[in-house]
Amino acid sequence: MENNAADLKNQPFKQKLQFALQGLGYAFKQESNVRRHIFFGLTALILFAFVQPTAIWWALIVLVICLIIAAEILNSSIEAMLDHLHPDIHPTVGCIKDMLAAMVLLLSIAAGIIGVLALVDSI
Ligand SMILES: Nc1ncnc2c1ncn2[C@@H]1O[C@H](COP(=O)(O)OP(=O)(O)OP(=O)(O)O)[C@@H](O)[C@H]1O
């Protein structure tokens, strides 16, 4: 049994993949925002399957959906770390959480613009 986090580094690829899937599982189970973004992402994919945009629009749509989900996971991870290390209310913690929320907001705006342009261009 390892007692130092450094001992857990450089594991085989299969093990790393398992950790990453475990992380996705935690994010899905514990974070309603991650579930919400996955739901909206899947809804958008079903909608675009009917509209049949070109390959380049598909690439942009899939990229932006994955970026939003990844940003939400990053947001949740940093928030969890902050709450673990500093459970009390503090203006700096509040600022960091607001900036993390801004990251997700910016990507969501970009996704909205890409989605509308893809629809207009494909109908
Ligand atoms: N420890 C803290 N100190 C100061 N302000 C805080 C703290 N925790 C949260 N806040 C404020 O409350 C807001 C919401 O908190 P938090 O991000 O934890 O909620 P949430 O619903 O999990 O948000 P998100 O949708 O980003 O996951 C933050 O953006 C921040 O302004």
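Given the structure is predicted, the values throughout are model-derived calculations rather than measurements.

> Looking at this structure, how should I read the UniProt feature "binding site: substrate" (unreviewed entry) in the chain?
In the numbering used here, UniProt assigns the "binding site: substrate" (unreviewed entry) feature to Glu72. Checked against the element boundaries, glutamate 72 lands in helix H3 (residues 55-85). Leaving out residues up to four positions away in the same chain, glutamate 72 has contacts with Asn33, Val34, His37 and Val104.

> Help me out: how do you make sense of a nonpolar patch on the surface in this one?
Residues Leu105, Leu106, Ile109, Ile113 and Leu117 make up a contiguous nonpolar surface patch of roughly 510 Å² in combined accessible area. Inspection of the secondary structure puts leucine 117 in helix H4 (residues 91-122). Since its relative accessible area comes to 46%, leucine 117 is described here as partly exposed.

> Is there a simple way to explain the UniProt feature "binding site: a divalent metal cation" (unreviewed entry) in the chain in this structure?
Under the feature "binding site: a divalent metal cation" (unreviewed entry), the UniProt entry names Glu31 and Glu79. These annotated residues cover 49 residues of sequence, and their C-alpha atoms all fall within 11.2 Å of one another, placing them together at a single site. Here glutamate 31 shows up in the loop between helix H1 (13-30) and helix H2 (32-51). Residue contacts for glutamate 31: discarding those within four places in its chain leaves Tyr26 and Ser76. Examined against the element boundaries, glutamate 79 turns out to sit in helix H3. Assessed through its relative accessible area of 25%, glutamate 79 is described here as partly exposed. Residues in contact with glutamate 79, not counting those within four places in the same chain, are Lys97 and Leu100.

> Which parts of the structure should I look at to understand the nonpolar core?
By size, the foremost hydrophobic cluster in this structure holds 13 residues, and its most contacted members are Trp57, Ile61, Ile114 and Ala118. Residue assignment for this core shows that the elements contributing at least two residues are H3 and H4.

> I would appreciate a short explanation of the environment of glutamine 52 in the present structure.
In this fold, glutamine 52 is placed in the loop between H2 and H3. Classification of glutamine 52 by relative accessible area gives exposed; the value is 63%. Along the chain, glutamine 52 and alanine 70 lie 18 residues apart, while their C-alpha atoms are 25 Å from each other.

> It is not clear to me how the site of the ligand should be interpreted in this structure. Could you clarify?
Near the ligand you find Asn33, Asn75, Glu79, Asp88, Ile89, His90, Val93, Gly94, Lys97 and Asp98, and these make up its full shell. Interatomic distance of 2.8 Å between a side-chain N/O atom of glutamate 79 and an oxygen atom of the ligand. One nitrogen or oxygen atom from the main chain of histidine 90 is found 2.9 Å from a nitrogen atom belonging to the ligand. Contact with the protein chains hides 58% of the accessible area of the ligand, taken as 610 Å² for the molecule alone. Put simply, the parts of the chain that give the shell around the ligand at least two residues each are H3 and H4. Among the elements that make up the shell around the ligand, the one with the highest residue count is H4 (4 residues). Across the shell around the ligand, the residue classes break down as 2 nonpolar, 4 polar and 4 charged.

What counts as what
Residues numbered from 1 in each chain as written. Predicted model: local features only at pLDDT ≥ 70, side-chain atom pairs only at ≥ 80, totals over all residues. Heavy atoms only, no water. UniProt positions renumbered as here; feature names shortened; annotations may be inferred. Helix = DSSP H or I, 4+ residues; strand = E, 2+ residues; numbered from the N terminus. Contact = heavy atoms within 4.5 Å. Patch = residues over 30% accessible without salt bridge, like charges linked within 9 Å, V, L, I, M, F, W, Y side chains within 5 Å. Areas by Shrake-Rupley, 256 points an atom, 1.4 Å probe, with all protein chains shown as cover. Salt bridge = Lys/Arg side-chain N within 4 Å of Asp/Glu carboxyl O. Buried < 20%, exposed > 50% of the residue type's maximum accessible area, 1.4 Å probe, protein only. Core = buried A, V, L, I, M, F, W, Y, C linked by side-chain atoms within 4.5 Å. Near = heavy atom within 4 Å. Polar contact = N/O pair within 3.5 Å; in protein donor to acceptor, adjacent residues only side chain to side chain. Nonpolar A, V, L, I, M, F, W, Y, C, P; charged D, E, K, R; others polar.

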